[in-house]
Each structure stands twice: as C-alpha cells, then as structure tokens.
Amino acid sequence: MIRIALCDDEPAVLDEVSSYICKYTEKKNKQDIEIVRFDSARALKSAMDDGRNFDIYVLDVYIGDEVGTTLARDIRKRGIENPIMFLTTSLEHAPQSFETGTLRYLLKPLNPQKLYEALDVSFALTEKMQEKRLKFKTDSGIKTVDASRITYSEAHAHYQYINLEDDTQFKVRMAVTELHNILAQNGGFIRVGSAYIINLRYVSNITSGEVHLYHGMAIPIPRGKANEIKKAFWDFQYEGQEE
C-alpha cells in the first residue's frame, strides 16, 4: 500500500489532483494506492500526530493561513524522509521549499505531464525506501517496520523494546549489539550507553546529560559522552545535506 497525502484548501484543486493521480495509477497499473485528502495543514498534522503514515506528500504552498513550506519543515522534523512536492501559483517560496528536500515545485494551472513525471520519481523513491523495511520476530509474529519510523530502542533483560514515531512499541528478543548492527545499516542510528539506540533523525536537542527527541523522550547520556554524540549528530546532518 502506498498512501499519498494531498493537502490543499481548495476543493476544486483536491478534486483535480486526485483525478490526475487516479489516471496516472491506472495507466501505470499501480495497485494498492490510497489518496488521503486534507483541506488544512492542521488536519494533516493532526493525522500524523495520531500515527497516520504517508509515503508521498503533495502540498499546496498556501494552505489557508499557513505556508506549505512550514508544514514541510514539520514533516522533516518528524524524521520523515518521503518525497514532498508542492503545488503553487507563485515561485516566491521556491527557495524555502528546496531547503526541505522538496522533490518538485509544480505551478498552477497544473500541467498533468509535469505531475506524472514527478509521480514517476516519487514512486521510484518510495519503492526504494520500502525495500529498507525490516522484519523482526516478536512473540506475536513477524513485525515489519520501516527503519526510518524507529525513534529509539531500550534494552531490558534479554529484550529490546523498539519505539516507533506513532508512539507504539514492540519487543524483540535479541542483544542490543545485534539490533544496533541491523539498524546501523540504514544510517543514522547510534548507541547511547549500554541500553539505548537512538535514531538521529528524531533528535531535537542534546545537552551535557541528555538526548532529547521530538516526541518528548529524554535519554540519559553516560558521563563524558556528550561531545561524541553531538559530533555523530552533526556528522549525520552534514551527510544529509550533501546527498
């Protein structure tokens, strides 16, 4: 299933873009596609707060009183790396949109071919990201997760408690070193002390004693390790800008 979040405050635009996307998916014979429509930035953020995940984001630059680039920054702060494209009548906010790694900036009235080209790239990137999904054996069966959705893990006894961006949690029976080796292959994961593994995509602040995540979790830093963790964080941020 590929979910597309479409956010625009004009019903006519929502109808038009939804229609184009449906025609595209039919032409490309793509199955299991869901288009979820939002008429405000607040509604989309509320859905994400409730744990809704989306694979592709199509945003208007002006969504009521809110600027779409602000919404895009909020999406990125949540650790979401999925494709974002903008629809707009003006190039005024183009520079800010590219700061958030925007895939395309499409002008209205919309050229369907330009949208289809952007969707080609978006689907290719999404399918590549889905290949990075990890499978874990849990007490209740096999759990499949996107590595980018993992915020942190904590070790207790012989189990690793893995926490996701929607505030859900599951546990796996393995050593912390084994889990770290798996997660490290996806980049952006570091160990903090003997019990924690954190995803640097979700770090909001690092003090001398704690790593703070966007979801409110504060993870204690072992004595003398703060500078090492800060360096890992900034190295990761720098690598992301170079890509």
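Below you will find a few notes about this structure. Numbering of residues starts from 1 in every chain and runs along the sequence as written. For this predicted model, a pLDDT threshold of at least 70 governs which residues receive local features, and a threshold of 80 or more governs which side-chain atom pairs are given and counted, while totals over whole chains, interfaces and linings are taken from all residues. Derived side-chain values reflect all non-hydrogen atoms in the structure, with water molecules and hydrogen atoms excluded from consideration.

1. Observations regarding the overall build of the protein
Next, step 1: Put simply, DSSP marks the helices as runs of H or I at least four residues long and the strands as runs of E at least two long, and each gets a number from the N terminus on. Along the backbone of the protein there are 7 helices and 17 strands.
Next, step 2: Computed over the C-alpha atoms, the radius of gyration of the protein is 19 Å, within 12% of the 18 Å expected from 2.2 N^0.38 for a compact globule of 243 residues.
Next, step 3: For the C-alpha atoms alone, the extent of the protein along its principal axes is close to 55 × 40 × 30 Å.
Next, step 4: Exposure classes here rest on a 1.4 Å probe applied to the protein chains alone. A residue is buried below 20% of its type maximum, exposed above 50%, and partly exposed in between. For the protein, buried positions account for 46% of its 243 residues.
Next, step 5: Within the protein, residue pairs in contact and separated by at least 24 positions form 52% of the contacts whose partners lie at least 6 positions apart.
Next, step 6: Approximately 12800 Å² of the protein is accessible, and the part contributed by carbon and sulfur atoms is 47%.
Next, step 7: Distance between charge centres in the protein, computed from 31 positive and 36 negative side chains, equals 5 Å. Here the radius of gyration uses the C-alpha set of atoms, whereas the globule reference equals 2.2 Å times the residue count to the power 0.38. Residue contacts are defined here by distance: any two heavy atoms, one from each residue, within 4.5 Å place the two residues in contact. Areas reported here follow the Shrake-Rupley algorithm with a probe of radius 1.4 Å; residue values treat only the protein chains shown as occluding. Charge counting follows a simple rule: Lys and Arg are positive, Asp and Glu are negative, and His as well as the terminal groups are ignored. Charge positions are represented by NZ for Lys, CZ for Arg, CG for Asp and CD for Glu.

2. A look at the sheet that holds strand E10 (residues 150–156)
Next, step 1: Strand order in the open sheet made by the 5 strands is E12-E11-E10-E14-E13, with antiparallel pairing throughout. Each edge of the open sheet is held by one strand with a lone partner, namely strand E12 (169–173) and strand E13 (189–192). The mean inter-strand angle of the sheet, taken between neighbouring strand axes irrespective of direction, is 20°.
Next, step 2: Pairs of strands are assigned from DSSP output, requiring at least two bridges between the strands. Here E10 runs beside strand E14 (residues 196–199); their pairing, made up of 3 bridges, is antiparallel. Looking across to E14, one finds that Glu-154 is bridged to Tyr-196.
Next, step 3: Only C-alpha atoms enter the line fits that serve as axes; for helices the fit covers just the stretch in contact. Angles between N-to-C directions range over 0 to 180 degrees. In this fold helix H6 (residues 176–184) packs onto E10, strand E11 (159–164), E13 and E14, with an angle of close to 155° to the strand it touches most, E13.

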